[in-house]
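Listed below are the residues making up each chain.
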Amino acid sequence: MIICICRRINDSGIRDAVDAGARSPEAVQAHHGCAFNCGKCRTTIGEMISERVDATAVEPLQAAAE
């Protein structure tokens, strides 16, 4: 699904950018070599970043007490 209409970035493109290290909407745009035009997608991109980061977060390992 297209998320950024102005720059034609879809949800897959956002996931790719986050997987490559993007942690802000501006970083997602930079990953794709562009900048915001109207900015209406900024909130949605931010939410998608949060969801992706939360989904890929690994719980820290707990060591057994001796």
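The preceding data block contains the structure.
Residues numbered from 1 in each chain as written. Predicted model: local features only at pLDDT ≥ 70, side-chain atom pairs only at ≥ 80, totals over all residues. Heavy atoms only, no water.

Some remarks on the nonpolar core
Membership of the largest hydrophobic core comes to 13 residues, with the highest contact counts inside it found for Ile3, Ile14, Val28, Cys41, Ile45 and Ile49. Elements with a contribution of two residues or more to this core: β1 (2-4), α1 (11-19) and α3 (42-56). (Core = buried A, V, L, I, M, F, W, Y, C linked by side-chain atoms within 4.5 Å. Buried < 20%, exposed > 50% of the residue type's maximum accessible area, 1.4 Å probe, protein only. Helix = DSSP H or I, 4+ residues; strand = E, 2+ residues; numbered from the N terminus.)

Here we look at the environment of Ile9
By the secondary structure assignment, Ile9 is in strand β2 (residues 9-10). What makes Ile9 buried here is its relative accessible area of 4%. Between the C-alpha atom of Ile9 and that of Cys41, which follows or precedes it by 32 residues, the distance is 9.8 Å. Ignoring any residue separated from it by four or fewer positions in sequence, one finds Ile9 in contact with Ile2, Ile3, Cys4, Ile14, Gln29, His32 and Cys34. (Contact = heavy atoms within 4.5 Å.)

Details of the pattern of salt bridges
One pass over the structure, following the stated rule, counts 3 salt bridges. Salt-bridge contacts for Asp19 lead to Arg52; the nearest nitrogen and oxygen are separated by 2.8 Å. Here Arg52 lies in helix α3 and Asp19 lies in helix α1, a separation of 33 residues in the sequence. Glu26 is paired through a salt bridge with Arg42; the nearest N and O atoms lie 2.3 Å apart. Here Glu26, found in helix α2 (residues 25-31), pairs with Arg42, found in helix α3; they are 16 residues apart in sequence, far enough to count as distant. By relative accessible area, which is 39% here, Glu26 ends up partly exposed. (Salt bridge = Lys/Arg side-chain N within 4 Å of Asp/Glu carboxyl O.)

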